[in-house]
Amino acid sequence: MRTSEITRTTKETDIQVTLDLDGSGSSIDTGVGFFDHMLTGMAKHGFMELSVKVSGDLEVDDHHTVEDTGIVIGQAIAKALGDKSGIKRFGSCILPMDETLVLVAVDLSGRPYFVSDAEFPTEMIGDMHSEMVNEFFYAVSYSAAINLHIKVLRGSNSHHIAEAIFKAFGRALDEAVSIDERINGVLSTKGAL
């Protein structure tokens, strides 16, 4: 079973995440409607079962809620992967959404790195600051020790750009965590990830 459950409580947020890399369905409640929509799409297109419950200091803004959720989801991914035996390790997706086209690529190398050229025409997307998209994925990449690249090849609508990124990440992650029976141990010449 490639599952995990993580709870993280700080003075700014209280977060519970459960993840099943081989499940389906989601239950998302972060208090930020647009963010809920993005996480639901990520889970659906990533063929994972994801439950997220967040109580955050939204009276301040959405920053701590979104960033801390990224930290906890990243921890959940790392824990669910265990020793990474048999996984494909690499995954990528080029995903279109109306006028938008994005590329997301991941390497579950154990060496965190994050690169994104995503820019958003609007400051807000619904009730979420658009800059929080990159903050979320930065947090996921570092807490899960994932090398993550996001490239927006085309796009003019902030909602479409964000949604395409979240869905493409889900698909790229699904590919990377997939088991390949040809892999003995981990897919690395070093013998460890």
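Up top you'll find the structure we're talking about.
Please read all numbers here as calculations on a predicted model, not as lab measurements.

What counts, and at which threshold
- Residues numbered from 1 in each chain as written.
- Predicted model: local features only at pLDDT ≥ 70, side-chain atom pairs only at ≥ 80, totals over all residues.
- Heavy atoms only, no water.
- Helix = DSSP H or I, 4+ residues; strand = E, 2+ residues; numbered from the N terminus.
- Buried < 20%, exposed > 50% of the residue type's maximum accessible area, 1.4 Å probe, protein only.
- Contact = heavy atoms within 4.5 Å.
- Areas by Shrake-Rupley, 256 points an atom, 1.4 Å probe, with all protein chains shown as cover.
- Pairing = 2+ DSSP bridges.
- Axes fitted to C-alpha atoms, helices over the stretch in contact; angles between N-to-C directions.

**Remarks on the overall build of the protein chain**
And then number 1: When you go through the protein chain residue by residue, the secondary structure sums to four helices and 10 strands.
And then number 2: Along the protein chain, from the amino end to the carboxyl end, the secondary structure elements read β-β-β-α-β-α-β-β-β-β-β-α-β-α.
And then number 3: In the protein chain, which comprises 193 residues, the share counted as buried stands at 49%.
And then number 4: Sequence separation of at least 24 residues holds for 77% of the intrachain contacts in the protein chain that already meet a minimum separation of 6.
And then number 5: By element, 49% of the accessible surface of the protein chain is carried by carbon and sulfur atoms, the whole surface being about 8,900 Å².

**Considering the sheet that holds strand S10 (residues 147–154)**
And then number 1: One open sheet holds the four strands; their spatial order is S5-S6-S10-S7, and the pairing between them is mixed. On the outer flanks of this sheet lie strand S5 (90–97) and strand S7 (113–116), each paired with one strand and no other. Adjacent strand axes in the sheet meet at a mean angle of 10°, parallel and antiparallel pairs treated alike.
And then number 2: The pairing of strand S6 (residues 100–107) with S10 spans seven bridges and is classified as antiparallel. Each residue of the ladder has a partner; that of Asp107, found in S10, is Asn147.
And then number 3: Contacts from helix H3 (residues 132–144) reach S7 and S10, with the element oriented near 155° to S7.
And then number 4: Across the sheet, helix H4 (residues 158–177) is in contact with S5, S6 and S10; its angle to S5 comes to roughly 150°.

**Quick word on the pairing of S10**
And then number 1: Relative to S10, S7 is paired through four bridges, and the arrangement is parallel. Looking across to S10, one finds that Val115 is bridged to His149.

Geometric descriptors of this kind do not, in isolation, establish any biological role.
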